[in-house]
Amino acid sequence: MIALMKRILNVAGGYKGRIQLAFLFSFLKSLLAKAPIGMAFLVLTAFLDGSADGRLCLTMGAAMAICLVLQVLCQHAADRLQSAAGFMVFAEKRMELGAHLRKLPMGYFTEGNIGKISSVLSTDMVFIEENCMTALADMMSYIFAEAIMLAFLFAVHPWLGLAGCALMLLVLAIAKGMRREGLEDSDIRQAQSENLTEAVLDFAEGIGIIKTYNLLGEKSAELTENFRESRKTSIDFEENHAPWQRRLNLVFGLGVAVVVALTLFLRGRGLLDSSLAVGVMLFVFDLFGPMKALYGQSSRLTVMNSCMDRIEEVFAEAELSDKGTAHIPARSGGPEVEFRNVSFSYGEKETLHDISFRLEKNQMAALVGPSGGGKSTIASLLARFWDVKSGQVLVRGVDIRTVPLSELMDHISMVFQRVYLFQDTIYNNISMGRPDASREEVIEAARKARCHDFIMSLPDGYDTVVGEGGESLSGGEKQRISIARCILKDAPIVILDEATASVDADNESYIQQAISELCKGKTLLVIAHRLNTIRNADQIFVVAEGQIVQRGVHEALMQEEGIYRKFVSVRENSQGWNSRSA
Ligand code: ADP
């Protein structure tokens, strides 16, 4: 528990001092809350030994009233200091997370990780934000109150103090077991919450496909199953927790009985004043109150702990170093792109082994080969979605890790199969390729990408809002807008992932024209699927099992016995290939 508190304080960063000050007020509040019992005890003692008078009662009454007022003031100060702190701390944490995410390798943003990020932002951070500071304040005041109780027992009689300590140790031992089990359960619960977020995102994003393929029933059932699972995990969590809570309550009850018995025993032996014995009786039923309240919150604390684990996990993801200060020269005598003995792995298993190739300026290289062979990985290493494990990727002779990421990005355009348009005007979607471009340049790029005409036929032309809630465009139209964005950017190197998905014939030919415009005078690395593209490539790299197993031009490779010839003949015979290669 102390470790958790330390953890939370570490998260608090700049607000630590403020929270520590709040602890001080919590401590004073606890002291003031227990003071009236002490005063009542004094009055009672005075009554018993006959020294009580009206003045004493009045003084004590006034003191109690003052304690009450001060207690309220301390509570107010503690609340003010820490209640806003949670929101302030997490407003900053979210910004820190944003800054951290910006520096993570692009390759990190797989769908699974996006689910994790949204769950951290929407579940974990919100839970801690809402619970963390109030929980801290409560915990502190409970711990202080319990310490005051124990100190009182020691003051009354050392045996009572020792008995109190022994009971406290027993409580801590049970609480340790409860916490261990609780941690396991809450990890399961949070993992389930992550699955649920992913499933909901998946369902929402894929709703179009789900409806088209009439999978609504099936997918809804999957989602419902996820909700059921989530409900079960939450109930299991509470059910597993309950026996521990009962054990604790038993110890608390027994503890009270032990202290009462010991007090009576000491009184019987004449080792304790009757006034002190009465004083203990006044305290005893509240003796474990703070501990009870503290462990009553333990399920909240264990959930908080695993939320912290998951937040820290995202923060622990290694950032891509962007400290390079070298520059890509305007021109170089050597190749435009070079892979030099590049090896790479996503995890333990090596994905690319010793890849080397050179791509001269304005040449086109086609990456072909079986699915899962490593083509996309090669392309993502050039765009520095990941860093190589060994070897070098060079652009105009400069290792891309030594160049600022933004400068590398200025030199590379990427056309993916999956197009993302922002919920903004078409104009802004294109102009983000080069924000300082003039309106004429934006329109010129749209013309080259063969989208000017259809844009002009929309009600608001270039000012039409696309994306969620806006005008919906066909897949081919979206693709052409994204190509217009790249044309405007005019980067010298283009990475192109050729579409495998079918679009209608009109769109297909427009997209081809748009791509031809984009590629004019550029150095191209294409993940190629069309025979036409492959035939026109200056170099073909056949990638299989993470290696370049064949390289050359189409005619030469067709002469060789090997994977390429087989690959082409299978493709040529397939209808899809023929229709694409036309
Ligand atoms: P291709 O583009 O030729 O289909 P990829 O480069 O996508 O091949 O994949 C090469 C290998 O790397 C495959 O085994 C694939 O499962 C794995 N892989 C691809 N992306 C990731 C990723 N983000 N994390 C882990 N493994 C990946």
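Keep in mind that what you see is a predicted model, and the values were worked out from it rather than measured.

Caption draft 1: Quick look at the environment of Leu 172. Residue placement: Leu 172 occurs in helix α5 (residues 158–205). A residue is classified by how much of its surface remains accessible, and Leu 172, at 41% relative accessible area, is partly exposed. Each C-alpha atom, one on Leu 172 and one on Leu 272, is 29 Å from the other, the two residues being 100 residues apart in sequence. Here Leu 172 is in contact with Met 291 and Tyr 295, once residues within four sequence places are set aside.

Caption draft 2: Main features of the packing of aromatic side chains. By the definition in use, this model includes eight aromatic pairs. The interplanar angle of 80° and the centroid separation of 5.5 Å between the aromatic rings of Tyr 108 and Phe 109 together place this pair among those described as edge-to-face. Look at Tyr 346 and Trp 386: their rings are 5.6 Å apart centre to centre, the planes differ by 85°, and that puts the pair in the edge-to-face class. You can see Tyr 346 sitting in the loop between β1 (337–345) and β2 (350–359) and its partner Trp 386 sitting in the loop between α11 (375–382) and β4 (390–395), a full 40 residues away along the chain. The exposure class of Trp 386 is partly exposed, given its relative accessible area of 23%. Sitting above the plane of the Phe 315 ring, Lys 93 keeps its charged end 5.1 Å from the centroid. Directly above the ring of Trp 244 sits Arg 247, whose terminal nitrogen or CZ lies 4.4 Å from the centroid.

Caption draft 3: Structural context of the confidence of the model for the protein chain. Mean pLDDT over the protein chain: 84, with 95% of residues reaching 70 or higher. A low-confidence stretch, residues 575–582 (pLDDT under 50), is modelled with 18 contacts involving residues beyond four sequence positions or located in other chains.

Caption draft 4: Local environment of the side chain of His 100. Secondary-structure assignment places His 100 in helix α3 (residues 54–103). Judged by its relative accessible area of 4%, His 100 falls in the buried class. Here Glu 319 takes part through its side chain, which lies 2.6 Å from a polar atom of the side chain of His 100. Excluding its chain neighbours within four sequence positions, the residues that come into contact with His 100 are Val 314, Phe 315, Glu 317 and Glu 319.

Caption draft 5: Representation of the site of the ligand. Every residue near the ligand is listed here: Thr 110, Tyr 346, Thr 351, Pro 370, Ser 371, Gly 372, Gly 373, Gly 374, Lys 375, Ser 376 and Thr 377. Between Tyr 346 and the ligand, the recorded distance is 3.4 Å, taken from a side-chain N or O atom to a nitrogen atom. Contact distances for the ligand include 2.6 Å between an oxygen atom and a side-chain N or O atom of Ser 376. Top element by residues in the shell around the ligand is α11. It accounts for three residues. Of the residues contributing to the shell around the ligand, the split by class is two nonpolar, eight polar and one charged.

Caption draft 6: The arrangement of the sheet that holds strand β9 (residues 539–544) in detail. Pairing is mixed in the open sheet, where six strands are placed in the order β6-β7-β8-β3-β9-β10. If you trace the sheet from one side to the other, it starts and ends with β6 (412–415) and β10 (547–552), each paired once. The mean angle between the axes of side-by-side strands here comes to 20°, regardless of whether they run parallel or antiparallel. Relative to β10, β9 is paired through five bridges, and the arrangement is antiparallel.

Thresholds applied
Residues numbered from 1 in each chain as written. Predicted model: local features only at pLDDT ≥ 70, side-chain atom pairs only at ≥ 80, totals over all residues. Heavy atoms only, no water. Helix = DSSP H or I, 4+ residues; strand = E, 2+ residues; numbered from the N terminus. Buried < 20%, exposed > 50% of the residue type's maximum accessible area, 1.4 Å probe, protein only. Contact = heavy atoms within 4.5 Å. Phe/Tyr/Trp six-rings, centres within 6.5 Å; stacked < 30°, edge-to-face > 60°. Lys NZ or Arg CZ within 6 Å of the ring centre and 35° of its normal. pLDDT = per-residue confidence, 0-100. Polar contact = N/O pair within 3.5 Å; in protein donor to acceptor, adjacent residues only side chain to side chain. Near = heavy atom within 4 Å. Nonpolar A, V, L, I, M, F, W, Y, C, P; charged D, E, K, R; others polar. Pairing = 2+ DSSP bridges. Axes fitted to C-alpha atoms, helices over the stretch in contact; angles between N-to-C directions.

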